[in-house]
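Next come the chains, spelled out residue by residue.
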Amino acid sequence: MSGVGEALRSSAVVNLSKAVVMVVDDEPFSLALTVQSLSGFGAQTKFACANAAEALNILKDEIVDLMVIDCEMPEVDGYDLVKQLRSAKNEPNSYVPVIMTAGHVKKSKVHKARDCGANFLVTKPFSPATLLERIVWAARDSRPFLQAGDYFGPDRRFRDDGPPSSGERRWNGSSATTSAEPTTGNPS
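What comes next is a walk through the structure. None of the values given here were measured: they were computed from a predicted structure. (Residues numbered from 1 in each chain as written. Predicted model: local features only at pLDDT ≥ 70, side-chain atom pairs only at ≥ 80, totals over all residues. Heavy atoms only, no water.)

### Quick word on the layout of surface pockets
To find the voids left in a structure, one rolls a probe of water-molecule size over its atoms.
Right, on to step 1. Computed from the structure, the second largest pocket encloses a volume of approximately 200 Å³.
Right, on to step 2. If you trace the second largest pocket, you find 13 residues lining it, with Leu59, Lys60, Ala88, Glu91 and Asn93 closest to the centre.
Right, on to step 3. Contributing elements (two or more residues each) for the lining of the second largest pocket: helix 3 (52-59) and helix 4 (78-87).
Right, on to step 4. Residue composition of the lining of the second largest pocket, grouped by class: six nonpolar, three polar and four charged. (1 Å grid on protein atoms, 1.4 Å probe; cavity = no way out; pocket = protein on both sides within 12 Å on 5 of 7 lines; lining within 4 Å. Points joined across faces, edges and corners; volume = space filled by probe spheres on them. Helix = DSSP H or I, 4+ residues; strand = E, 2+ residues; numbered from the N terminus. Nonpolar A, V, L, I, M, F, W, Y, C, P; charged D, E, K, R; others polar.)

What follows is the structure in structure tokens.
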């Protein structure tokens, strides 16, 4: 068995049953699919929000352990939501792992997600295994949070752990290379 989630199945023990999860997506179908994917591996979404304003209102009074946020939303988009979340540096929610989702991912969106302070960017439609993999990576992420100019968030530099065991390849514009993120963009 080889694939995206194999390393998780063989070495990780993850219990998300007590995690306080917030999903923010303006598309009801996408919101429901994300919530269903999370429940498939034991995470119960406590807060399912249709927009950034609703999420920010809840975050004033509630502490969350994980956020899954859609990039493209009307009025306040996911990038601005993450910037606002990170800007309250002394609040517990400022340090919450953030997985962003997007239907169409260009290099500029990956950079924008990285620069707003997200931990990872996952391309829709995503498999539950890919989402779980990114959640585990975010939970085990030992990068410190830092302030650099107007940026506050996880250190944007990653250690190179070499190619993934799945051997999937990715085009980088000039030659095919093996990537540490076989199916999704990594904003950090």
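Anyway, onward from the coordinates.
### What to know about the environment of Gln36
Right, on to step 1. Among the structural elements, Gln36 can be located in helix 2 (residues 28-40).
Right, on to step 2. Exposure remark for Gln36: the relative accessible area of 52% places this residue in the exposed category.
Right, on to step 3. Along the chain, Gln36 and Pro128 lie 92 residues apart, while their C-alpha atoms are 9.0 Å from each other. (Buried < 20%, exposed > 50% of the residue type's maximum accessible area, 1.4 Å probe, protein only.)

### Re the nonpolar core
Right, on to step 1. Core analysis: the biggest nonpolar cluster contains 27 residues, and Met22, Val24, Val64, Met67, Ile69, Val98 and Met100 have the highest contact counts within it.
Right, on to step 2. Those elements that place two or more of their residues in this core are strand 1 (21-24), strand 2 (45-49), helix 3, strand 3 (66-70), helix 4, strand 4 (98-102) and helix 5 (107-116).
Right, on to step 3. Residue contacts for Met67: discarding those within four places in its chain leaves Met22, Val24, Leu59, Leu85, Val96, Pro97, Val98 and Ile99.
Right, on to step 4. Ranked by size, the runner-up nonpolar core spans 19 residues in total, among them Leu16, Val68, Leu131 and Val136. (Core = buried A, V, L, I, M, F, W, Y, C linked by side-chain atoms within 4.5 Å. Contact = heavy atoms within 4.5 Å.)

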